[in-house]
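The chain contents come next:
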Amino acid sequence: MTAVVTTPPTQTFIAPRTGSVTPPPSRRGEPVWELSRFYPKQGEWTEADYFALPDTRFVELKDGCLEFKSMPRRIHQLFARFMFLALHNFVEAKKLGEVHFTGLNVRLEAGHIRVPDICYLSPAKLGDPREVQDLADLMVEVVSPGYEDRQRDLVEKRADYARTGVAEYWIVDPETETITVLTLPAGANEYSEHGVFRAGETATSVLLVGFNVDVTACFAAGKNGAQ
């Protein structure tokens, strides 16, 4: 009988990065450690490396390091959707620019990319839609549970957004059922607290005069949808 020799299909391989250390073979049920050789080390990521990733919706870049946001639960998206629709409808009616939902990369400065839950862009901020968005006028973050997510939204992003000139930052916190509105005084690099709004109150904007959100309705949107 004549032996049949099967030639394996041609495969394309990505060369490991120079100086990479060969990790131990991964085992079933473990992360695929070998893939780490094809990516930069934490602290060495550039914007080019970041944007070469297949999906950056839940990954942010700061100081050469990737930061991984928690995958949002449906209740998180319900809160975010409520805020998006409220802000979008207000801005659209008055033709004040654009409002974008989760997934837009916003460059705060070179090598510093955030992916806010919602952001508002005034006409002055609108650039080439094919390019990365530089800064925004107003950011909204719905805080996810967990220490790292809370630290990022309540502390780190508060400092980052203020330092880079984001005029207003809204923090929607389901844990405390509060909406905090932070504003940036002219010439300052730290936010002032416009208000911490609770159930029965109406959160208001300084930047967008006339824009307000019923706090009770916002959190009810998540609770009712989760039933």
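The model shown is predicted, which means the values in this text are computed figures rather than measured ones.

The rules behind these values
Here the residue numbering is sequential within each chain, running from 1 through the sequence in written order. Note on the predicted model: pLDDT of at least 70 is required for a residue's local features to be given, and 80 or more for side-chain atom pairs to be given and counted; whole-chain, interface and lining totals, by contrast, use all residues. The side-chain figures draw on all heavy atoms in the structure; neither hydrogens nor water molecules are used. Whether two strands pair depends on DSSP finding at least two bridges between them. Think of it this way: any DSSP run of H or I at least four residues long counts as a helix, any run of E at least two long counts as a strand, and we number them from the N terminus. Note on definitions: angles span 0 to 180 degrees between N-to-C directions of axes, and those axes are lines fitted to C-alpha atoms, for helices only across the stretch in contact. To pair, rings of Phe, Tyr and Trp, with the six-membered ring standing in for Trp, must have centres within 6.5 Å; the planes then decide the type, stacked if under 30 degrees apart, edge-to-face if over 60, and tilted in the middle. Note on exposure labels: buried denotes an accessible area under 20% of the residue type's maximum, exposed denotes more than 50%, and partly exposed covers the range between, all computed with a 1.4 Å probe on protein chains only. The span one expects for a helix is its residue count, reduced by one, times 1.5 Å. Think of it this way: the bend at a residue is just the angle between two axes, each fitted to seven residues, one set ending at that residue and the other starting at it. Whether two residues touch is decided by their heavy atoms; if any such pair falls within 4.5 Å, the residues are in contact.

### Here's the deal with the sheet that holds strand 10 (residues 178–183)
No. 1: Spatial strand order, 3-6-8-9-10-11: six strands in an open sheet with mixed pairing. The two strands at the open ends of the sheet, each matched to only one other strand, are strand 3 (98–100) and strand 11 (192–197). Here the strands of the sheet are splayed against their neighbours by 15° on average, with no regard to which way each runs.
No. 2: The sheet contact formed by strand 9 (residues 168–173) and strand 10 spans six bridges and is antiparallel. Within strand 10, the position partnered with Tyr-169 by the bridge is Leu-182.

### Some points on the packing of aromatic side chains
No. 1: By the definition in use, this model includes eight aromatic pairs.
No. 2: Aromatic pair Phe-90 and Phe-211: ring centres 5.5 Å apart, planes at 55°, arrangement tilted. Of the two residues, Phe-90 sits in helix 2 (residues 74–94) while Phe-211 sits in the loop between strand 12 (202–204) and strand 13 (212–214), which places them 121 residues apart along the sequence.
No. 3: Judged by its relative accessible area of 14%, Phe-90 falls in the buried class.

### Overview of unusual backbone geometry
No. 1: Despite not being glycine, Leu-135 shows a phi value in the positive range, around 55°.
No. 2: Within the secondary structure, Leu-135 sits in the loop between strand 7 (133–134) and strand 8 (138–142).
No. 3: A positive phi angle is found at Glu-177, which is not glycine, with a value near 55°.
No. 4: For Glu-177, a relative accessible area of 28% translates into the label partly exposed.

### What about helix 3 (residues 147–163)?
No. 1: With 17 residues, helix 3 extends 23 Å between its outermost C-alpha atoms, agreeing within 8% with the 24 Å of an ideal straight helix rising 1.5 Å per residue.
No. 2: Helix geometry: helix 3 is bent most strongly at Lys-157, by close to 40°.
No. 3: What helix 3 keeps buried is the set Asp-149, Arg-150, Arg-152, Asp-153, Lys-157, Asp-160, Tyr-161 and Ala-162.
No. 4: Each element contacted by the buried residues of helix 3 is listed here: strand 1 (59–62), strand 2 (65–68), strand 4 (106–109), strand 5 (112–114), strand 8 and strand 9.

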